[in-house]
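In case you want the letters, here they are:
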Amino acid sequence: MSLNLHPMINVAIKAARAAGNIINRAALDIESVRISQKKANDFVTEVDHAAEKAIIDTLLAAYPGHAIWAEESGREHGAQDSEFVWIIDPLDGTTNFIHGLPIYCVSIALAVNGKVEQAVVYDPTRNDLFPATKGRGAFLNDRRIRVSKRTELKGCLISTGFPFREGDNFQEYLAMMGDVMQRTAGIRRPGAAALDLAYVAAGYTDGFFERGLQPWDVAAGSLLVTEAGGLVGNFTGESEFLEQHECLAGNPRVYGQLVGLLGKYSKFASAGDKAAVRQATQTMTRGDAAVAAAQGPDGASATQ
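In what follows, the accompanying structure is described. Everything numeric here is computed off the predicted structure, so don't read it as measured data.

1. Description of the environment of M176
Relative to the helices and strands, M176 resides in helix α4 (residues 170-181). Judged by its relative accessible area of 0%, M176 falls in the buried class. Sequence separation between M176 and L261 is 85 residues, and the spatial gap between their C-alpha atoms is 8.1 Å. M176 has contacts with F209, R211, F235, L262 and Y265, leaving out every residue within four places of it along the chain.

2. Topic: the pairing of strand β3 (residues 67-70)
A two-sided burial pattern is seen for β3, the buried positions comprising A67 and W69 on one face and I68 and A70 on the other. Here β3 pairs with strand β4 (residues 84-92) via four bridges, running parallel. Residue A67 lies in a different strand from β4, and its bridge partner there is V85.

3. Some remarks on the packing of helix α1 (residues 7-27) against helix α2 (residues 46-62)
Direction vectors running N to C along α1 and α2 enclose 160°, while the axes themselves pass 9 Å from each other. When the interaxial angle is binned, α1 and α2 end up roughly antiparallel. Where α1 crosses over α2, the two elements pack in a sense that is right-handed. Residue-level contacts link V11, A12, K14, A15, A18, A19, I22, I23 and A26 of α1 to V47, A50, A51, A54, I55, T58, L59 and A62 of α2. For the contact of α1 with α2, a count of residues per class yields 15 nonpolar, one polar and one charged.

4. Digging into the pattern of salt bridges
Evaluated as defined, the whole model comprises nine salt bridges. With a closest N to O distance of 3.0 Å, D206 and R150 form a salt bridge. With D206 in the loop between α5 (193-202) and β12 (207-211) and R150 in the loop between β9 (143-144) and β10 (157-160), this pair connects stretches of sequence that are 56 residues apart. Taking relative accessible area as the criterion, D206 reaches 1% and is therefore assigned buried. Residue R211 is joined to E172 by a salt bridge in which the shortest nitrogen-to-oxygen separation is 2.4 Å. Placement of R211 in strand β12 and of E172 in helix α4 is noted, with a sequence separation of 39 residues between them. A single network of salt bridges, built from pairs that share partners, joins D179, R183 and K264.

Cut-offs applied
- Residues numbered from 1 in each chain as written.
- Predicted model: local features only at pLDDT ≥ 70, side-chain atom pairs only at ≥ 80, totals over all residues.
- Heavy atoms only, no water.
- Helix = DSSP H or I, 4+ residues; strand = E, 2+ residues; numbered from the N terminus.
- Buried < 20%, exposed > 50% of the residue type's maximum accessible area, 1.4 Å probe, protein only.
- Contact = heavy atoms within 4.5 Å.
- Pairing = 2+ DSSP bridges.
- Axes fitted to C-alpha atoms, helices over the stretch in contact; angles between N-to-C directions.
- Parallel < 35°, antiparallel > 145°, perpendicular 65-115°, else oblique.
- Left-handed = near helix turned anticlockwise from the far one by under 90°.
- Nonpolar A, V, L, I, M, F, W, Y, C, P; charged D, E, K, R; others polar.
- Salt bridge = Lys/Arg side-chain N within 4 Å of Asp/Glu carboxyl O.

Following this line, the structure appears as structure tokens:
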């Protein structure tokens, strides 16, 4: 790959491809893959573990003095006092993978003193490689990518992730989606946040928002977006978002409009905004309860 990237990225690409090979081989016979559940609707497979090991082995063989922060093994590998930290999601989109839905990826980022400087997102099903080095641009395979040029939300395609964890506020997410859905050309929920961010960087979608994300979900994708000319932050538009469990991304014009729509749903929103959101979602909940009561226990209208 003759791209204007840092030499470190070549090691990350090697690691991502090694993981991708493991994932592709397993995808040929998904029924035999052992699956366990970390929490409700949060799955992990032997493929996640094998892919993560391949990545860690490759990175530490080249940089034994670096630290590792990985989804499955946490911070148990590498020199944890290092200023260089590799942030790894070996298989983002595990639920898609175990259903045979070919939307998942490998995500690897290198943070130096807390700032992401190298990134690779690799889609093994399409053999699409998204590398980025801070200050040197973002790429899809051998071509430079840029965020979309759309300026009005009404023509935009926005990706998101739906709540699926115990304790998630479903009513509030429905309100968020309602605010975005009625102002855009459509909302998509592919199921792999790292790939969602890569697609914003490539201009396939115009923006992305999701709650409940971990650093390994967004570290690599966030650099792709910024190196492609976009913006990434939390819902209120602050750029220090990596460990805040909410992520918003888009081209600059779309990003600003999404902050205007979604900022009130941020955990960092003003007290007044939070009160307004609570009131709106309580109204929605009461409406749902009234509909359920009217339908009766079998789902048919109680007035029939």
